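Overview (structure and organization)
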Amino acid sequence: MFENRDTLTESPEHRLALDCLNAGISATHPKSVVNKAITMDGGMLIIDGIEYDIDEYDRILVLGGGNAAGQVAAALEKRLNGRIDDGIVVTDDPVPLSTIECIKGNHPIPNETAVDGTRQVLQLASTASENDLIIAIITGGGSALLPAPAGSLGLTDLQTTTEKLLRAGATITEINTVRKHLSDIKGGKLAGVSSPAKTISLVFSDVVGNNLGAIASGPISPDETTYDDAREVIDRYNIETSAAVRDHLLRGDEGDVQETPSESSIFEDINTHVLADNFTALEAASDVALEEGYEPLILSSHIRGEAIEVAKVHVSIAEEIFATGTPVSPPAVLISGGETTVTVTGDGEGGPNQEFVLSAAIELDAPSIVVGCVDTDGIDGNTDAAGAFSDTCTIDDRAAAQQALTDHDVYSTLDAAGSLLKTGPTGTNVNDLRVIVIGNQ
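Residues numbered from 1 in each chain as written. Predicted model: local features only at pLDDT ≥ 70, side-chain atom pairs only at ≥ 80, totals over all residues. Heavy atoms only, no water.

**A short note on the overall build of the protein chain**
This is how the line gets drawn: Helix and strand labels come from DSSP, where a helix needs a run of H or I of at least four residues and a strand needs a run of E of at least two; each type is numbered from the N terminus. Radius of gyration here uses only the C-alpha atoms, and the compact-globule reference equals 2.2 Å multiplied by the residue count raised to the power 0.38. Burial here depends on accessible area, computed with a 1.4 Å probe over protein chains only, as a share of the maximum for the residue type. Under 20% is buried, over 50% is exposed, and the range in between is partly exposed. By definition, residues are in contact when any of their heavy atoms lie within 4.5 Å.
Within the protein chain, the regular secondary structure consists of 15 helices and 15 strands. At 22 Å, the protein chain has a C-alpha radius of gyration in line with the 22 Å of a compact globule built from 441 residues. Taking the principal axes of its C-alpha atoms as reference, the protein chain extends roughly 65 × 55 × 35 Å. Per-residue burial for the protein chain yields a buried fraction of 58% across its 441 residues. Taking contacts inside the protein chain between residues at least 6 apart in sequence as the whole, the part at least 24 apart equals 79%.

Here's what the structure looks like:
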């Protein structure tokens, strides 16, 4: 999984940290998830124990997008063995497919090929009748990979707005509240286009709490947010948007543009299955720790907040375990998930997982503690690294490291320390995964 693993395994604690991270990512890969959750028995498609008679339908169409969409589509083609009639998915990790078209987009900032691919998804969805079955693949990263600028908006409007919200430290839910109201596919609008077809939704969640309306900005889920909510997010973070974005949100708030659907009959024929989420990764990491004789402690899959500060809390718990054996005795592994944020100033390189690790490295005093942190999609912030890991020896100059955090320019510092973790696209996305391995005194 990790490109530079051989140079990173300095101790049993280092090896275990990498093994836990690897296990978490692998457990949420669509190939293993789909093979476990989905089976075929004659004409019956069985998902999490629920049976669907696919012989009842004229066509089976596969539609969707996200970091894992290509890999899910590949696993579905294999599982359904020739029963899929047509399909289109948009992803940043394309794979060869036989029936489903796989279009490469960009993440986390959308690009023109993703716009074209999303229009094709909408077009195919619009051809579906009540006699067709749609299998919708909704995965983390779908908000960027399924862009469809609404009204007179252009791609640049979406790109600029998204980038400014990311840099301002807005949460994924806040960002998606805005994106849903600038889009022709998000916020339940794909459900409106595909109605009255029967839809089975296969979800890989990268959202804390698995809010279906936030995952990929909820293209087939009811939307409880409004244009007024979107405008409030823009105001809260003092985002300077284009005139087109301001005008579109204002017109929506005044009722001149139709609101995203909340309660509607279009959602009645949609069955949703969350096949993998952040806790799936945490449990897999926990299993590895236990197998190696370490006591695992899963803190939470709902961790959020500024990465720098969240790291300090994690380190304090790890040091308590090392010093007093509370709340578990070493050797132990702390495991957490969720999604931290970074409020960016300047033009530095890095991401929340890298900032978490560097902040932890500055704080660490106890030996035999190794911190590893990755974004499970393999892309942390604006870099080619999935994350990083550290110990008490990672940082020689703490003042310089602190300045790198202040400048939000941590990539080069971690790179110089040989601490970056690189995977390339992992084929999945279920949020961040953090492990802290605490050895014996």
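**A closer look at helix H11 (residues 278–291)**
Heads up, the rule is: The span you would expect from a helix comes to 1.5 Å times its residue count less one. In protein, a polar contact means a hydrogen-donor-capable atom and an acceptor-capable atom, both N or O and within 3.5 Å, with residues adjacent in sequence counting only if both atoms are side-chain atoms; elsewhere, any N or O pair within 3.5 Å suffices.
With 14 residues, H11 should reach 20 Å at 1.5 Å per residue; the first-to-last C-alpha distance of 21 Å fits that figure. Those residues of H11 lying buried are Asn-278, Ala-281, Leu-282, Ala-284, Ala-285, Ser-286, Val-288 and Ala-289. Tucked into the core, H11 has its buried residues touching helix H1 (12–27), strand S10 (295–306), strand S11 (332–341) and strand S15 (432–438). With a side-chain oxygen lying 3.1 Å from the backbone nitrogen of Phe-279, the N-terminal cap of H11 falls on Asp-277. Gly-293 sits one or two residues past H11 and shows a positive phi near 85 degrees.

**Considering the sheet that holds strand S14 (residues 420–421)**
Filter applied, for reference: For two strands to be treated as a pair, DSSP must find at least two bridges joining them. To get an axis, a line is fitted to the C-alpha atoms, and for a helix only the part in contact is used. The angle between two axes follows their N-to-C directions and goes from 0 to 180 degrees.
One open sheet holds the six strands; their spatial order is S10-S11-S15-S12-S13-S14, and the pairing between them is mixed. A single partner strand is all that each edge strand has here, and the edge strands are S10 and S14. Of the strand pairs in this sheet, strand S12 (residues 369–375) and S15 are connected by seven bridges, and their pairing is antiparallel. Of the residues in S15, the one forming a bridge with Cys-373 is Arg-434. Seen against the sheet, H11 touches S10, S11 and S15 and runs at an angle of roughly 150 degrees to S10.

**Observations regarding the pattern of salt bridges**
What counts here: The salt bridge criterion pairs a side-chain nitrogen of Lys or Arg with a carboxyl oxygen of Asp or Glu, the two atoms within 4 Å.
The full count for this structure, using the stated rule, is 10 salt bridges. Glu-174 is the partner of Arg-236 in a salt bridge, and the nearest nitrogen-oxygen pair spans 2.8 Å. Of the two residues, Arg-236 is situated in helix H9 (residues 227–236) and Glu-174 in helix H7 (residues 172–180); the sequence distance between them amounts to 62 residues. A residue is classified by how much of its surface remains accessible, and Glu-174, at 15% relative accessible area, is buried. Ionic pairing is found between Glu-309 and Lys-312, a salt bridge with its closest N-O pair at 3.4 Å. Of the two residues, Glu-309 and Lys-312 both sit in helix H12 (residues 307–324), three residues apart, roughly one turn of that helix. Relative accessible area serves as the criterion here: at 34%, Lys-312 is assigned to the partly exposed category.

**Describing the layout of surface pockets**
Spelled out, the test is: In this analysis a 1.4 Å probe is tested at points of a 1 Å grid over the protein atoms alone, and where it fits but cannot get out there is a cavity; an open set with protein on both sides within 12 Å along at least five of seven lines is a pocket; lining residues have an atom within 4 Å of a point. Grid points are joined across faces, edges and corners, and a volume is the space filled by probe spheres set on the points. Polar here means any residue other than Ala, Val, Leu, Ile, Met, Phe, Trp, Tyr, Cys and Pro, which are nonpolar, and Asp, Glu, Lys and Arg, which are charged; Gly is therefore polar.
Here the largest pocket defines a volume of roughly 870 Å³. Along the walls of the largest pocket sit 40 residues, with Pro-108, Leu-166, Pro-352, Gly-381 and Asn-382 positioned nearest its centre. Only helix H5 (142–145), helix H6 (155–168), H7, S11 and helix H13 (352–363) provide two or more residues apiece to the lining of the largest pocket. Take the lining of the largest pocket: its biggest share by element is four residues, from H7. Residues of the lining of the largest pocket, tallied by class, amount to 12 nonpolar, 17 polar and 11 charged. Put simply, the second largest pocket is a space of about 180 Å³. Lining the second largest pocket are Thr-171, Ile-172, Thr-173, Val-207, Val-208, Arg-304, Gly-305, Glu-339, Thr-341 and Asn-431. Only H7, S10 and S11 provide two or more residues apiece to the lining of the second largest pocket.

**As for unusual backbone geometry**
Keep in mind that most residues, glycine aside, have a negative phi and that most peptide bonds are trans. With an omega of 10 degrees, the peptide bond between His-107 and Pro-108 qualifies as cis. Topologically, Pro-108 is positioned in the loop between strand S6 (100–104) and helix H4 (112–126). A positive phi angle, near 50 degrees, is found at Asp-48, a position not held by glycine. Tracing the backbone shows Asp-48 in the loop between strand S2 (44–47) and strand S3 (50–53). When its relative accessible area of 46% is taken as the criterion, Asp-48 is described as partly exposed. Even without being glycine, Asn-238 reaches a positive phi, approximately 50 degrees. On the secondary structure map, Asn-238 appears in the loop between H9 and helix H10 (243–253).

**Looking at a negative patch on the surface**
The following threshold applies: Patch members must show over 30% relative accessible area and no salt bridge, and they are joined within 9 Å when carrying like charges or within 5 Å when they are nonpolar side chains of Val, Leu, Ile, Met, Phe, Trp or Tyr. Using a 1.4 Å probe, the Shrake-Rupley method yields the accessible areas, and only the shown protein chains count as cover for residues. Positive charges are assigned to Lys and Arg, negative charges to Asp and Glu, while His and the chain termini are left out of the count. Lysine's charge is taken at NZ, arginine's at CZ, aspartate's at CG and glutamate's at CD.
Together, Asp-58, Asp-85, Asp-86 and Glu-101 make up a negatively charged patch on the protein surface. Its relative accessible area of 57% is what places Asp-58 among the exposed residues.

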